[in-house]
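# Reading the structure
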Amino acid sequence: MNVIGISAFYHESSCCLLQDGKLVAAVAEERFTRVKHDASLPLLAFRYCLEAGGIGVKDVDAIGYYESPRKKLSRQLWTGKPLGGDSGLPWLDVRRPEREIRQRLGFDGPIDYFDHHLSHAASSYFFSGFPDAAVLTVDGVGEWATTTYGAARGGDIALFEQVDFPNSLGLLYSTITGYLGFRVNSAEYKVMGLAPYGKPLYVDKIRELLTEGPDGQYALSMQYFDFLRESRMYSDALAELFGEPPRVAESAILPFHKDVAKSLQVVLEEILLAKARYLKSKVDSPNLCMAGGVALNCVANGRVLRDGPFDRLFVQPAAGDSGACLGAAALSYVKRTGKRHSEERLQHVYLGPAYSSAQVAGMLEDMGIEALDFRGREAALLEAVVDRMAAGHVIGWFQGAMEFGPRALGARSIIADPRFEDMRERLNRLVKKREAFRPFAPSVLEEHAGKHFALDHTSPFMLETCQVSSSIAMPAITHVDGSARPQTVSTRHSPRYAALIEAFYRRTGCPVIVNTSFNVRSEPIVCSPDDALMCMANSDIDSIVVEDFIIDRAALPRQWSALLRSLKFEPPSEVGARGEISPTVYTFF
């Protein structure tokens, strides 16, 4: 049985394939089109899924779609412009998903539509391996729901309570993100990263922005919000409450901004803990599954697990809308078989395109690039990479199948030695081209994690933070509050990456390396070897390792970097015809 899952037409469209109950492919459209947060129909991702499964479109038994277009329309009409406006209002067309799936994908079989938050819930629970669980989903908004509470057992998920729009923790976080001068819909994680630099001086004012309700309910104090504007999400009253004007994008970040970020994070954690305790009172299970964009807040996840009432927590690694395609596919599978697709926990997300060494060799030859060839000599390759890392070099690491989700997990990563004092500043300024306060995550060998981090379980998807407890000074991965967001690496699922860290450990005594996504600012994570070379040319990466080849900067044609810099090259914008994401407001259409 071949079941396709699709999320599309809003934020980071994605596609996945369940084949006889096995997840064999999952990828976001942006990785192919190179348009950040591409919202278009995932045509190229769909083609890749068919190729990965060795099937044609006629072999697809069903497509699961991640939300209900008709239910969503009722909310869109409530929040939309007058019908006489000049926007064209393409969102009024509830048949668009089916029409495009039929016409552009060529699929004439059954299409199953599932509510947005049910798809989120399924994307976590059905991939958790738990026999039963409480389920909490939190995001900006789906159709009407913004937060849902549920109980899951076997092949059944029952969502028994929800908070409705406009009351939304996700929209609260996005509103403050915009007030602090960051991009809404894509830079909320920057506010999370900024928070440890601040003090919780505005907690009481943040609390004024919402009111706790009975059971799982809460309500935003709407005098501080304006979700119907096109230019911002907050009213003048919000700035009056804080006593400071909104920050202008790209301007200096002041202590006030850091303190607001810290206060927001504190209140978010308080609310999530309270709602987790309420959920526990309703669902007698030691297991909690979380999904939705707010579940990507790894700091809050760690707090919920440490201080909350549940023994175990599973967060699906692509917890936002891109990962909802997993839930839609799993729900469609249950609909057809009466059972969940698997009882096993999702072990890895290396579910995207991979390239053979022969393909890489052919590409390098065609481009006239002289690379160091280590085919058949893995040990020598790893030692050569360690040589460069120990010398303070920054390495682009491209190996095997690409990861699904927003985190680089050792397949499309930029790696470095975490012990260098200036490594973090160099990575932010010269390589990633981003704000100086942004932290970097560590990858640590699974068997060594407990010696260097306050972590007593595996964390392969980099979805929770904990304190650094190592005797080794690692300034490049230690945040200002002494925390880190570790990825535990095993030889079972990432053998070459684990072998690299092991080689680095033998050389240095440190079983930890810096791991950040292989991209520069505003660009999707690289997908192909071509993307990797372009990223190197557009940054100050010292070397890239593409399968069995090392390409040092000296081997890169000089005219590449010169041309890109002369043209002030920027990757395709995340705002435009193919994307529907505004930099200042949460897009409700």
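Residues numbered from 1 in each chain as written. Predicted model: local features only at pLDDT ≥ 70, side-chain atom pairs only at ≥ 80, totals over all residues. Heavy atoms only, no water.

### Notes on the packing of helix α10 (residues 255–282) against helix α11 (residues 298–307)
For any two helices packed against each other, the geometry is given by the interaxial angle and the distance between the axes. As a reminder of what qualifies: Only C-alpha atoms enter the line fits that serve as axes; for helices the fit covers just the stretch in contact. Angles between N-to-C directions range over 0 to 180 degrees. Helix and strand assignments come from DSSP, with helices taken as H or I runs of at least 4 residues and strands as E runs of at least 2, each series counted from the N terminus. Angular relationships are summarised with four words: roughly parallel below 35 degrees, roughly antiparallel beyond 145, roughly perpendicular across 65 to 115, and oblique for the angles in between. Crossings are sorted by hand: turned counterclockwise from the far helix by less than a right angle, the near helix makes the crossing left-handed, and turned clockwise it makes it right-handed. Only heavy atoms enter the contact rule, under which two residues are in contact if any of them lie within 4.5 Å. Side-chain classes follow a simple rule in which Ala, Val, Leu, Ile, Met, Phe, Trp, Tyr, Cys and Pro form the nonpolar group, Asp, Glu, Lys and Arg form the charged group, and the remainder, Gly included, forms the polar group.
Axis separation between α10 and α11 bottoms out at 9 Å; the angle between their running directions is 40°. Between α10 and α11, the angle is such that the two are oblique. Seen along the crossing, α10 lies across α11 with a hand that is right-handed. For the pair α10 and α11, the contacting residues are Gln 265, Leu 268, Glu 269, Leu 272, Leu 273, Ala 276 and Arg 277 in the first and Val 299, Ala 300, Arg 303, Val 304 and Asp 307 in the second. Of the residues belonging to the contact of α10 with α11, the class tally is seven nonpolar, one polar and four charged.

### Side note on the packing of helix α5 (residues 116–125) against helix α12 (residues 324–337)
Two elements in contact, α5 and α12, have axes whose closest approach is 7 Å; the angle formed by their N-to-C orientations is 85°. One finds that α5 runs roughly perpendicular with respect to α12. Along its contact with α5, which presents Leu 118, Ser 119, His 120, Ala 122 and Ser 123, the element α12 presents Ala 324, Leu 326, Gly 327, Ala 328 and Leu 331. Among the residues forming the contact of α5 with α12, the class breakdown is six nonpolar, four polar and no charged.

### A closer look at the pairing of strand β2 (residues 14–19)
Quick note on the threshold: When accessible area is computed with a 1.4 Å probe and restricted to protein chains, residues below 20% of their type maximum are described as buried, those above 50% as exposed, and intermediate ones as partly exposed. The pairing criterion is simple: DSSP has to find at least two bridges between the two strands.
Counting buried positions along β2 gives five out of six residues, so the element sits mostly inside the fold. Counting the residues in the hairpin turn of strand β1 (residues 2–7) and β2 gives six residues, including Phe 9, whose phi is positive at 70°. Here β2 runs beside strand β3 (residues 22–28); their pairing, made up of six bridges, is antiparallel. Bridge pairing links Gln 19 to Lys 22 in β3.

### So, unusual backbone geometry
Geometrically, the link from Phe 165 to Pro 166 is a cis peptide bond, its omega value of 10° lying close to zero. Among the secondary structure elements, Pro 166 is positioned in the loop between β8 (156–164) and α6 (169–179). For Glu 547, which is not glycine, the phi torsion reads 55° and is therefore positive. You can see Glu 547 is positioned in the loop between β21 (543–546) and β22 (549–552).

### What about the sheet that holds strand β12 (residues 312–315)?
The mixed open sheet is built from five strands, whose spatial order is β8-β7-β6-β11-β12. On the outer flanks of this sheet lie β8 and β12, each paired with one strand and no other. Taking each pair of neighbouring strands and ignoring which way they run, the sheet shows an average axis angle of 20°. In the sheet, strand β7 (residues 145–153) pairs with β8 via eight bridges, with the strands oriented antiparallel. When the sheet's bridge partners are listed, Ala 151 is paired in β8 with Ala 158. The sheet strands contacting α11 are β11 (287–291) and β12, and the helix crosses β12 at an angle near 160°.

### Quick word on helix α14 (residues 378–390)
Every α-helix winds through 3.6 residues per turn, so residues three or four apart in the chain are directed the same way. Filter applied, for reference: Every helix has an expected span of 1.5 Å times one less than the residues it contains.
Between its terminal C-alpha atoms α14 stretches 18 Å, which fits the 18 Å expected from 13 residues at 1.5 Å a residue. Among all positions in α14, only Leu 381, Leu 382, Ala 384, Val 385, Val 386, Arg 388 and Met 389 are buried. Two residues or fewer past α14, Gly 392 is found with a positive phi of approximately 90°.

### Describing the pattern of salt bridges
Selection criterion: Note on definitions: salt bridges are taken to be side-chain nitrogens of Lys or Arg within 4 Å of carboxyl oxygens of Asp or Glu.
The tally for this structure, following the rule as stated, stands at 34 salt bridges. Its salt-bridge partner being Arg 303, residue Asp 307 comes within 2.6 Å of it at the nearest N-O pair. With Asp 307 and Arg 303 both in helix α11 and four residues apart, this pair spans about one turn of that helix. Relative accessible area serves as the criterion here: at 38%, Asp 307 is assigned to the partly exposed category. By sharing partners, the salt bridges in this structure join Lys 190, Glu 250, Glu 435, Arg 438 and Arg 521 into a single network.

### What to know about the confidence of the model for the protein chain
Note the following rule: pLDDT expresses, on a scale from 0 to 100, how confident the predictor is about each individual residue.
Taken over all residues, the pLDDT of the protein chain has a mean of 92, while the share at 70 or more is 93%. Counted against residues more than four places away or in other chains, residues 82–86, with its pLDDT under 50, gives four contacts.

### Notes on the sheet that holds β2
Within the open sheet, the five strands sit side by side as β3-β2-β1-β4-β5. Their pairing is mixed. Here the strands that pair on one side only, and so sit at the sheet edges, are β3 and β5 (111–113). Averaged over neighbouring strand pairs, the angle between their axes works out to 20° when direction is ignored. Against the sheet, helix α2 (residues 43–53) makes contact with β1, β2 and β3, and its axis sits at roughly 20° relative to β2, the strand it touches most. Packed onto the sheet, helix α4 (residues 96–105) meets β1, β4 (62–65) and β5 and runs at close to 155° relative to β5.

### Comments concerning the environment of Ala 52
Its place among the elements puts Ala 52 in helix α2. Its relative accessible area of 36% is what places Ala 52 among the partly exposed residues. Other than its neighbours up to four places away in sequence, Ala 52 contacts Val 24 and Ala 25.

### So, the environment of Leu 272
Positionally, Leu 272 belongs in helix α10. Separated by 209 residues in the primary sequence, Leu 272 and Asp 481 place their C-alpha atoms 21 Å from one another.

### Re the packing of aromatic side chains
Operational definition: Classification of ring pairs rests on two measures: the distance between centres of Phe, Tyr or Trp rings, Trp counted by its six-membered ring, which must be within 6.5 Å, and the angle between planes, read as stacked under 30 degrees, edge-to-face over 60 and tilted in between. Throughout this description, the term charge over a ring refers to an Arg CZ or Lys NZ atom that lies within 6 Å of the ring centre and within 35 degrees of the ring normal.
Taken as a whole and judged by the stated rule, the model has 18 aromatic pairs. Judged by centre distance (6.2 Å) and plane angle (70°), the rings of Phe 182 and Phe 437 are edge-to-face. Linking Phe 182 in the loop between α6 and α7 (188–194) with Phe 437 in the loop between α15 (423–431) and β16 (441–445), this pair joins segments that are 255 residues apart in sequence. Grouping residues by exposure puts Phe 182 and Phe 437 together as buried. Each member of the aromatic cluster is reached from another via a ring pair, and the members are Tyr 179, Tyr 202, Tyr 234, Phe 242 and Phe 256. Between the NZ or CZ atom of Arg 75 and the centre of the ring of Phe 165, over which it lies, the distance is 5.9 Å. One cation-aromatic arrangement involves Arg 247 over Phe 182; the distance from NZ or CZ to the ring centre is 4.9 Å.

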